[in-house]
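Summary of structural features
In case you want the letters, here they are:
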Amino acid sequence: MSVNTQSVGGEKSPRTNPLKSVSLENLQIGGLTLVIVIFSIIMQLNFPIFLTGQNIGVMMINFLPEAIIALGMTIVIITGGIDLSVAGIYPFAAIIVGKILLVGVPIPIAIVLTLMLVAALGATNAFMSNTFRVHPFIATLAMLLILRGVNIVITGGAPISGFPEAFGTIGQGRFELGGFISLRYSILIWLVLALLVGYSLKNHRYWRLSYFIGGNRRSARMSGVKVERYLYFVYMLSATLAGIAGIIVASQFNAASNSYGQNLELRVITAVVIGGANLNGGMGSVLGSMLGVLFIALIYNAFAMSGISTYWQDVVVGAMLLASIFLNEILKRWRSN
């Protein structure tokens, strides 16, 4: 096999591939950032309200559930798993917290009980995968289908509403600071969660085991890592974050419905993969996933402004997922040369 060389001081030296000095994940994040900037400039030139504070605020509120759920999905995918059940847990949490509130239970207790219940659902996903060696795709798909039926049974197919007024503060209230900063509490909750998860995934040894497990599960086991126990943590975290998103949306609309979260799991997985995660595991980051969510939010907003049929949205999102997978493989080959 020949090696490309170049003359340096009269001697031949190997010509290095500059891509090898940059991680594959950073290459994808850099490319995605560039695409977001170019896309935003083009949209701003055609629609001057695209980058206004009001429109950005609308995009953030509309895709806040995806952004929160993507935090948990990132870690799940890094371990080499998948969690489709989040699209069922999300409306389930909204319905359950609403039902508990309607019987007079205090708001903090209702929230804690709801999160404990959804965490148990996440533990069930891990139990099915660990104990019966069911692939996470099948285990979480089964949970999704079960919860969709349960959600309809509980609500009777109709929205439930009439929650206490104070509950609406979570999704509708604002954090004001000196007249300069005005953020919804829901966005503040997302920012705190993103910082905590992002920091932990980057710096905390226990959280970073997800990369070890996703990169080579057999080696992780041989090194003494309790893989099955760790997966309980991962899927319970994913379910809890989906539950938080459901509670926020119930507060935001002062209502809960079994129709919440249609195709949400596909948008979240697409955002995480576009952001640099590998479906085979071992790679991914919170920053990349948040950029992926932002890009999908920009695409959906652009469709709304352009007047293009919304039926094309899923076509574009699916094409982006395929393009991201192809790009990942191309970058791998370039780095190997």
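To start, this report covers the structure provided alongside it. (Residues numbered from 1 in each chain as written. Predicted model: local features only at pLDDT ≥ 70, side-chain atom pairs only at ≥ 80, totals over all residues. Heavy atoms only, no water.)

1. Looking at the nonpolar core
- Of all hydrophobic cores here, the largest spans 96 residues; its most connected members are Ile68, Ile69, Val97 and Trp190.
- Sort the elements by how many residues they give to this core and helix 11 (residues 227-253) lands first, with 15 residues.
- If we ignore the near neighbours within four places in the chain, the residues touching Trp190 are Met60, Leu64, Ala67, Ile68 and Met290. (Core = buried A, V, L, I, M, F, W, Y, C linked by side-chain atoms within 4.5 Å. Buried < 20%, exposed > 50% of the residue type's maximum accessible area, 1.4 Å probe, protein only. Helix = DSSP H or I, 4+ residues; strand = E, 2+ residues; numbered from the N terminus. Contact = heavy atoms within 4.5 Å.)

2. With respect to empty space enclosed by the protein
- Going through the model one piece at a time under the given rule, you end up with four cavities of 30 Å³ or more.
- Approximately 50 Å³ is the volume attributed to the largest cavity.
- Listed by contribution, the elements that provide at least two residues to the lining of the largest cavity are helix 4 (86-102) and helix 6 (136-155).
- For the lining of the largest cavity, the class distribution of residues is three nonpolar, four polar and one charged. (1 Å grid on protein atoms, 1.4 Å probe; cavity = no way out; pocket = protein on both sides within 12 Å on 5 of 7 lines; lining within 4 Å. Points joined across faces, edges and corners; volume = space filled by probe spheres on them. Nonpolar A, V, L, I, M, F, W, Y, C, P; charged D, E, K, R; others polar.)

3. Examining the packing of helix 4 against helix 6
- Across the interface, helix 4 lies against helix 6 with an axial gap of 9 Å and an inter-helix angle of 30°. Taken together, the axes of helix 4 and helix 6 lie roughly parallel to each other. Relative to helix 6, helix 4 is oriented so that their crossing is left-handed. Along the contact surface, helix 4 presents Ala87, Gly88, Ile89, Pro91, Phe92, Ile95, Ile96 and Lys99, while helix 6 presents Leu144, Leu147, Val150, Asn151, Ile154 and Thr155. (Axes fitted to C-alpha atoms, helices over the stretch in contact; angles between N-to-C directions. Parallel < 35°, antiparallel > 145°, perpendicular 65-115°, else oblique. Left-handed = near helix turned anticlockwise from the far one by under 90°.)

4. A closer look at the environment of Tyr232
- By the element assignment, Tyr232 lies in helix 11.
- Ignoring anything within four residues of it in the chain, the contact list for Tyr232 reads Ala123, Ala126, Phe127 and Asn130.

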